[in-house]
Structures are given as C-alpha cells and as structure tokens.
Amino acid sequence: MKVEMVEDPADPRIAGFRDARDGELRRRAGLFLAEGRLLVRRLIETSRLPVQSLLLTPPALEDLRDLLADDDSIPVHVASAETIRAIVGFKFHRGCLALGVRGEPVAPEALMEPAGPRTLLALEGVADPDNVGAVFRNAAAFGVAGVLLSSHCADPLYRKAIRVSMGATLSLPFARVSDWPAALAALRRVGYRLVALCPGAEAEDIVEVAARAPRRPRLALLLGAEGAGLSRATRAAADVEVRIPMAAGVDSLNVAAACGIALHRLA
C-alpha cells in the first residue's frame, strides 16, 4: 500500500477530489467520485471500473486496510477530516473518497445483443440523479442485465446516483443512447418485448400482463421521467403499455418505486 500524507488542500496530487459537487467537471475528464466506506469498498472489490486514487482520513484507512494492505496499484492519500472538508468544498463527514475512471462508454449493442432470456431497462428523460440511482438499485436486485439511457437522463456515475444506488451503478453496465427511436427499433429487431410503464387507464393491468408473459422472456421495460412520463412516440413504439393498479385518487408512483414493482412482476 502506497500511503501519501496530505496537509495542504491545494496539493496538486489531490486535484481530482476538489469541488466534489462539480460532477460535470470530472465527467469531462473521464472520472467520477464515490464516497463513503461501503461504496469505496464495493468499487475496489466488485466494480467493473478502475480506481485512480483514494483520499481517506486515518480512521477510514484503518477500516480499509484489509483491502489495501497488499495492493500497491492505488495511491492512497491520507488527510485530516478538516483538510478533506477544505478540499471537497463542503462539510463532508464520511472521511472516505475514491476517484474512479469511467473508461470507454459501453455500446448499446453490447447490452442488447447477447442471446437468451434477458431483461433490460430503458430510461427516457429521467433527469433526477436520485431516481436514476434508485432505479439502478432495483435493477441490481431483480437481475437486470443492463440499462439504456436517453440523452437527457442523469449521469449514473454522479456521486448522488452512486450513493442512492448503493453502488449498483458501479457494477451494472449502462449505455447512453443518442437516437432513442432507433434504439427502440433495435431492441425489437433482436427479440425484446417492449413494455411501457404508464399510469393511464388505457394501459393494461400489470398483473394480467405478467400472467400471460413468456416464462423466459427477452424484456425491455421502458420508464419515463417524473411528471412527464414516457413520450407519446415511445409509448407508440411499445408492444404493450402496463399500469400498476392503485387506490382511487392516486394517479402514479415515484418512478423508482414503480420500477421495483414492475420488475418484481415481470422480470
């Protein structure tokens, strides 16, 4: 383990950790931040993404020592809690940050084309990072193979999305889609049934749709943003629209809650 002490918040070695709230700055540099001991441990142990460096308080270093003791590949910067707060730009209490490398984007075809039973999520315009993170957590829980995101979706590797997902965005592959209608058409060409989750009365009851679904499906579950929902064009492209029955006077659920119910029924 290579440990380097940091006392000056302006130290150039920890430049990537500065201004932690500015996720766009890191995204342009091909990097991301994961915070907290649980998520940093998951990033190192199980993620498909490499770690560039760590910034830890002494107690966090002790908690991760079992993981890092025999690993000289990751630079470990150690600083006081006060110094870390000065570096990240706000009252940061977790004492543990990892700077990760995004790597090359996953091609949408890499998620769509593997043969056999498979479930994918396709998110259209889900711009809230908390919702994206929660959807990824559901996806991991129900064995989803990957997530397709339209161009206006929030970044799954934004630190809040990582945190809400409990690290699922670090391990579950995802692909950004520039031509959404073409992606939906490509899903159908390779055998996916496109199921649009909608609250409208014209949609079919998800319980009834699940009862007649194939036992080993190729399924793409289409999810839209809070409020706006799926676009008219996306709904028209779906094979079936489904709704979750709810009490009178309630028209919809949060997208992440609806996603979890739908995956439990259909996946």
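Structure: see above.
Bear in mind that the values here come from a model prediction, so they are computed numbers and not experimental data.

**Focus: the side chain of Asp205**
Mapped onto the elements of the fold, Asp205 is located in strand E10 (residues 204–205). The contacts of Asp205, once residues within four sequence positions are left out, are Arg243 and Pro245.

**Focus: the sheet that holds strand E9 (residues 193–197)**
Sheet strands associate in pairs through backbone hydrogen bonding, adopting either a parallel or an antiparallel arrangement. With parallel pairing, seven strands are arranged side by side in an open sheet as E8-E7-E6-E11-E9-E12-E10. Each edge of the sheet is formed by a strand with only one pairing partner; in this case those strands are strand E8 (174–177) and E10. Of the pairings in the sheet, the one linking E10 to strand E12 (residues 240–243) comprises two bridges and is parallel in character. Bridge assignment links Asp205 to a residue of E12, and that residue is Arg243. Sheet strands touched by helix H6 (residues 129–141): strand E6 (118–124), strand E7 (146–150), E8 and strand E11 (218–224). Its angle to E6, the strand with the most contacts, is close to 175°.

**Digging into the nonpolar core**
Of all hydrophobic cores here, the largest spans 55 residues; its most connected members are Leu54, Leu56, Leu121, Leu123, Leu221 and Leu223. For this core, the leading source of residues is helix H12 (residues 255–266), giving seven residues. Excluding its chain neighbours within four sequence positions, the residues that come into contact with Leu221 are Leu120, Leu121, Ala122, Val195, Leu197, Ala262, Leu263 and Leu266. One finds Met112, Val177, Ala183 and Tyr192 within the second-largest nonpolar core, a separate group that totals 20 residues.

**Considering the pattern of salt bridges**
Scanning the model with the defined rule gives 17 salt bridges in all. Residue Arg102 pairs with Asp155 through a salt bridge whose shortest N-O separation is 2.5 Å. Taken together, the positions of Arg102 in the loop between strand E5 (96–101) and helix H5 (108–112) and Asp155 in the loop between E7 and helix H7 (159–164) put the pair 53 residues apart, joining distant regions of the chain. Taken as a pair, Arg102 and Asp155 share a single burial class, namely buried. Salt-bridge contacts for Arg235 lead to Glu241; the nearest nitrogen and oxygen are separated by 3.0 Å. Connected via shared salt-bridge partners are Glu4, Asp11 and Arg13.

**With respect to the packing of helix H2 (residues 37–46) against helix H3 (residues 58–68)**
Angle between the axes and distance between the axes: these two values describe a pair of packed helices. For the pair H2 and H3, interaxial distance at closest approach is 11 Å and the crossing angle is 25°. Here H2 is positioned roughly parallel relative to H3, judged by the angle of their axes. The handedness of the crossing between H2 and H3 is right-handed. The segment H2 lies against H3, with Arg37, Val40, Arg41, Ile44 and Glu45 engaging Pro59, Ala60, Asp63, Leu64, Asp66, Leu67 and Leu68. Counted by class, the contact of H2 with H3 contains seven nonpolar, no polar and five charged residues.

**Looking at the sheet that holds strand E3 (residues 51–56)**
Read from one edge of the open sheet, five strands run E1-E4-E3-E5-E2, paired in mixed fashion. Single-partner strands in this sheet number two, and they are strand E1 (2–5) and strand E2 (31–35). Direction aside, the axes of adjacent strands within the sheet are offset by 25° on average. When E1 meets strand E4 (residues 75–78), the two strands line up parallel, connected through four bridges. Residue pairing for E4: Glu4 is matched across the bridge by His77. Packing of H3 onto the sheet brings it into contact with E3, E4 and E5, and relative to E3 it is tilted by some 140°.

**Observations regarding unusual backbone geometry**
For Met166, which is not a glycine, the phi torsion comes out positive at approximately 55°. Here Met166 is to be found in the loop between H7 and helix H8 (168–171). Residue Met166 is classed as partly exposed on the basis of its relative accessible area, which comes to 27%.

**Concerning the pairing of E11**
Regular strands place their side chains on alternate faces of the sheet. Most of E11 is tucked away: seven of the seven residues are buried. Neither face of E11 is left uncovered, since the one carrying Arg218, Ala220, Leu222 and Gly224 and the one carrying Leu219, Leu221 and Leu223 both have all their residues buried. As judged from the seven bridges shared by E6 and E11, these two strands associate in the parallel manner. Paired with Leu121 across the strands is Leu221, a residue of E11. As paired strands, E9 and E11 are joined by four bridges and run parallel to one another. Within the sheet, the bridge partner assigned to Ala196 lies in E11 and is Leu222.

The rules behind the values
- Residues numbered from 1 in each chain as written.
- Predicted model: local features only at pLDDT ≥ 70, side-chain atom pairs only at ≥ 80, totals over all residues.
- Heavy atoms only, no water.
- Helix = DSSP H or I, 4+ residues; strand = E, 2+ residues; numbered from the N terminus.
- Contact = heavy atoms within 4.5 Å.
- Pairing = 2+ DSSP bridges.
- Axes fitted to C-alpha atoms, helices over the stretch in contact; angles between N-to-C directions.
- Core = buried A, V, L, I, M, F, W, Y, C linked by side-chain atoms within 4.5 Å.
- Buried < 20%, exposed > 50% of the residue type's maximum accessible area, 1.4 Å probe, protein only.
- Salt bridge = Lys/Arg side-chain N within 4 Å of Asp/Glu carboxyl O.
- Parallel < 35°, antiparallel > 145°, perpendicular 65-115°, else oblique.
- Left-handed = near helix turned anticlockwise from the far one by under 90°.
- Nonpolar A, V, L, I, M, F, W, Y, C, P; charged D, E, K, R; others polar.

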